[in-house]
Amino acid sequence: MDKVRVREERCKGCYLCIANCKQGALSLSGRTNDRGVITVTVDQDKCIQCGCCYAMCPDLVYEIL
Amino acid sequence: MEKRIMKGNEALAEGAIRGGCRFYAGYPITPQSEILEWMSWRQKEVGGTFVQGESEIASVNMTFAARALGVRSLTSTSGPGFSLYQEGIAYWVSAGVPAVCACVQRFGIGDGFISAGQDNYWQAVKGGGNGDYHLIVLAPNSVQENVDMAYESFALAEKWSHPVLILSDGTIGQMMEPCVLPKMVEYDIDQEQPWAVKGVEAGQKNKVITDITYFEDIDEWNDGYLKKMREISETEQRWESLCVSDADVVLVAYGISSRVAEGAVQKARSNGFKLGLIRPITLWPYPRKAFDEIPETCRGIVTVEVNMMGQMRDDVIITVKGKYPTYALATRQRIAKVDQVIDFAKAVYEGKIKEEEVY
Amino acid sequence: MVSRKAPELMYAENRFCAGCGHGIFDRILGEVLTEMDIVSDTIICSDIGCNHQFQFCMRVDAIVPPHGKMGAALTAQKRVRPDKYALTICGDGGAYAIGLGETMAAATRNENVTFFVMNNTVYGMTGGQMAPTSMIGQTTSSSKSGRSVEDSGENFDVVKVMGGLNIAYLARTSVTNPANVAKTKKLVRKALEKQRDNKGFSLVEVLVPCPTNWGMSAPQSMKHIDEVVSKQYELGEFIDR
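Residues numbered from 1 in each chain as written. Chains lettered and ligands numbered in written order. Predicted model: local features only at pLDDT ≥ 70, side-chain atom pairs only at ≥ 80, totals over all residues. Heavy atoms only, no water.

> Whenever I open this one, the domain arrangement of chain B confuses me. Can you help?
You'll often see interface size given as the accessible area lost when the parts meet. Residue and element names in this part refer to chain B. Annotation of chain B at the domain level lists domain 1 (3-197 + 223-235) and domain 2 (239-349). Placing the centre of domain 1 and that of domain 2 at their C-alpha centroids yields a distance of 27 Å. On the side of domain 2, 30 residues touch domain 1, which itself brings 34 residues to the contact. Here domain 1 and domain 2 share an interface that buries about 2,700 Å² over both sides, 53% of which is from carbon and sulfur atoms. Summed over the three residues of domain 1 that lose the most area to domain 2, namely Gln118, Tyr121 and Trp122, the buried surface amounts to 28% of that side. In this assembly, domain 1 and domain 2 are joined by 4 salt bridges. Across the pair Asp315 and Lys126 runs a salt bridge, and its minimum N-O distance is 2.5 Å. The interface formed by domain 1 and domain 2 contains 21 residue pairs in polar contact (both at pLDDT 80 or more). Put simply, the parts of the chain that give the side of domain 1 that touches domain 2 at least two residues each are helix 5 (121-126), strand 6 (136-138), helix 6 (143-160), strand 7 (164-169), helix 7 (170-174) and helix 8 (218-235). Of the residues assigned to the side of domain 1 that touches domain 2, the class counts are 19 nonpolar, 9 polar and 6 charged. (Domains from an automatic or database assignment. Contact = heavy atoms within 4.5 Å. Buried area = accessible area lost by both parts, 1.4 Å probe. Salt bridge = Lys/Arg side-chain N within 4 Å of Asp/Glu carboxyl O. Polar contact = N/O pair within 3.5 Å; in protein donor to acceptor, adjacent residues only side chain to side chain. Helix = DSSP H or I, 4+ residues; strand = E, 2+ residues; numbered from the N terminus. Nonpolar A, V, L, I, M, F, W, Y, C, P; charged D, E, K, R; others polar.)

This is the structure:
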């Protein structure tokens, strides 16, 4: 089961989430959303649901499930 | 009905209180400070709020906020204070906030004089701030009208979701006269008001009191706004006419000048000179309809004003579109005397005065 | 405690630039209003500038007076509706430059209102011009060779200016990492609790990044705040009555 939901369409590509994920669970997805931004993907196995991505994202991309 | 002898400014303040005004903010400036002083104790008595703002700019924006939260709100100022109000009042207009301002005019440019004048006219009726607007402008010419106009100003502003300006002057503000005070209105701030916010539950549709074009289709909003302005312009014209239909010369005057003009009409008529008077009660919308009554034979229209450049003459020219020659008896910082008005009108009648170009 | 889901009142995607600190702050405020259960008792007074775009992503009743006049408008808000929270999300330009008079007057009267001032050391919306908070030597679009004391005086530090006032609460915080975000949330709540308890004027200055006008990536901007901006503008709680 997923630990984090990523609403990729909201991503503006600041990548504060990646910079602040101490588990190294976040990386570029290689997918581009409608804004033309390369979005972020979560390695659900590495994720410990600390909520740092949620805390740092200005655009509410993340929801910890 | 309660009868009292009151000073004009205090009467204006009491009229507002009785009309349901429960918020006042202002900054001291002559010749309107009695409004502020009256409000400082009277609002406490009626359970309202009085704030002496740190400036005119603060006061006009306090008034905006109080009205945007639903309370009938008044502010008042004069001369250069009214200049400082312009930005704030433009925000009232664009947000459709029906707050009320009283401007007790004085004479002069910039700081000017503290004595009475009619020098805020252009600013008052042409907009004053940025953007396409006029305020609804009421012009009292007695202490009683100060009471009545302040009393009804809130309902009028709410009717149109548009600010009302009471354009008084230092003489009307400082004089004492008997007046009748109407009964107290209690206004419920929790009633549904399109221009007011009260807080909204999470997830429910909220309201932002701002330039409405942010949240609506701008063309639709513009259309609606223009329709409103046209309707006000058509339906809210108010005036008083005296002996206009057979007049050889028609005076046009508001506020203190209209009292002198009325005296001039009576005296001239008793000496066989057919003077008439149109007294605009609303300065915007300007009472254009009043001018339909002027006979073809009229030799000229004269505005009587306590300023240098005859500010109201512009509106007469726009109204009569060149049909009659127009003149201004602009007596600077001195209020015209009855004989001075008659002499000027007579000179107009005899063709002795050159029609000046518009400044 | 780190929240985990968008507060219900955040109804739309915000219009801020990528990595903008306003987006982080607005969400923090949304969380606090929700957790204190005061959304329906809150009326936000907007400033003009980037900050005012909270209107387009948060469902809270709001009013928008002219730029910088929050001190005056909040005063009236609180006086006529003491049962409602009166707060502003504003910019350093609004609160400390064009609105300094109104901000200080509200503070000296110790009005029971709350200021959340986003300090990004520039005028963001208009293109990164020098603000009162721009630091000595800081290059901006209107101080190309760096802010000089000779031309523009010293930068504005609200703690120095308000430090001696009899107000309820004065704090400075940042949002540079998850720990600071959590701390900011705590201080935001504390400021609103001061208002709830009728203690008087509260102001929380939040050091936020403006990656667009600083010409940095978002992570670089956060590092810049940690290493440079917050050395100039000390973080902490300075008045707590």
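Read on, since the account is not over.
> How should the pairing of strand 7 (residues 169-174) of chain C be read in this particular structure?
Consecutive side chains of a regular strand alternate in pointing toward one face of the sheet and then the other. Residues and elements named next belong to chain C. Buried residues dominate strand 7, accounting for 6 of its 6 residues. Side chains of strand 7 alternate between two faces, with Tyr169, Ala171 and Thr173 and Leu170, Arg172 and Ser174 buried alike. Across 6 bridges, the pairing between strand 7 and strand 8 (residues 202-207) is parallel. Residue Ser174 lies in a different strand from strand 8, and its bridge partner there is Leu207. Between strand 7 and its parallel partner strand 8, the chain crosses via helix 7 (residues 178-196), and the hand of that crossover is right-handed. As defined by bridge partners, strand 7 adjoins strand 9 (residues 236-240) across 4 bridges and the pair is classed as antiparallel. Paired with Leu170 across the two strands is Ile239, which belongs to strand 9. (Buried < 20%, exposed > 50% of the residue type's maximum accessible area, 1.4 Å probe, protein only. Pairing = 2+ DSSP bridges. Right-handed = clockwise from strand over helix to strand, strands pointing away.)

> Looking at this model, I keep getting lost on a negative patch on the surface. Mind explaining?
The grouping of Glu216(B), Asp217(B), Asp219(B), Glu220(B) and Asp223(B) at the surface amounts to a negative patch. Mapped onto the fold, Asp223(B) is located in helix 8. (Patch = residues over 30% accessible without salt bridge, like charges linked within 9 Å, V, L, I, M, F, W, Y side chains within 5 Å. Areas by Shrake-Rupley, 256 points an atom, 1.4 Å probe, with all protein chains shown as cover. Lys, Arg positive; Asp, Glu negative; His and termini not counted. Charge placed at Lys NZ, Arg CZ, Asp CG, Glu CD.)

> Where do I start with the side chain of Asp248(B) in this structure?
Residue and element names in this part refer to chain B. Topologically, Asp248 is positioned in the loop between strand 10 (239-242) and strand 11 (249-252). Buried within the structure, Asp248 lacks any salt-bridge partner; its nearest side chain of opposite charge belongs to Lys274, at an N-O separation of 4.6 Å. Those residues within four positions of Asp248 in sequence are excluded, and the remaining contacts are Lys274, Cys298, Arg299, Gly300 and Tyr349.

> Which parts of the structure should I look at to understand the packing of helix 2 (residues 70-80) of chain C against helix 4 (residues 100-108) of chain C?
When two helices pack together, their arrangement is captured by the angle between the axes and the distance separating the axes. Residues and elements named next belong to chain C. The contact between helix 2 and helix 4 brings their axes to 7 Å, and the two run at 40°. Considered as vectors, helix 2 and helix 4 are oriented oblique to each other. Facing Gly71, Ala72 and Thr75 of helix 2, the residues of helix 4 in contact are Glu102, Thr103 and Ala106. Here the residues of the contact of helix 2 with helix 4 are counted per class, giving 2 nonpolar, 3 polar and 1 charged. (Axes fitted to C-alpha atoms, helices over the stretch in contact; angles between N-to-C directions. Parallel < 35°, antiparallel > 145°, perpendicular 65-115°, else oblique.)

> It is not clear to me how the side chain of Ser202(C) should be interpreted in this structure. Could you clarify?
Residues and elements named next belong to chain C. On the secondary structure map, Ser202 appears in strand 8. Only 3.4 Å separates the side chain of Ser202 from the backbone oxygen of Ala191, close enough to count as a polar contact. Those residues in contact with Ser202 that sit more than four places away from it in its chain are Val113, Thr114, Phe115, Tyr169 and Ala191.

> I keep staring at the interface of chain C and chain A and nothing clicks. Help me out?
Residue-level contacts link 28 residues of chain C with 25 residues of chain A. Of the roughly 2,000 Å² buried where chain C meets chain A, counting both sides, 58% is carbon and sulfur surface. A per-residue breakdown of the area chain C buries against chain A is headed by Arg4(C), Glu13(C) and Pro178(C), which together make up 32% of the total. The interface formed by chain C and chain A contains 1 salt bridge. One salt bridge connects Glu13(C) with Arg35(A), and the closest N-O pair in it is separated by 2.2 Å. The tally of links from chain C across to chain A stands at 12 residue pairs in polar contact (both at pLDDT 80 or more). Going through the elements one at a time, helix 1 (21-35), helix 7 and helix 9 (218-232) of chain C are the ones with two or more residues in the side of chain C that touches chain A.

> Explain helix 11 (residues 338-349) of chain B to me, please; I cannot follow it from the model alone.
The periodicity of an α-helix, 3.6 residues per turn, causes residues three or four positions apart to be oriented the same way. Residue and element names in this part refer to chain B. Counted at 1.5 Å a residue, the expected span for helix 11 with its 12 residues is 16 Å, and the 16 Å between its end C-alpha atoms agrees. Taken as a whole, helix 11 has its buried residues at Val341, Ile342, Phe344, Ala345, Ala347 and Val348. Where the residues of helix 11 are buried, they touch strand 11, helix 9 (255-270), strand 12 (275-280), strand 14 (300-305) and strand 15 (326-330). Directly beyond the C-terminal end of helix 11, a positive phi value near 70° is found at Gly351. (Expected span 1.5 Å × (residues − 1).)

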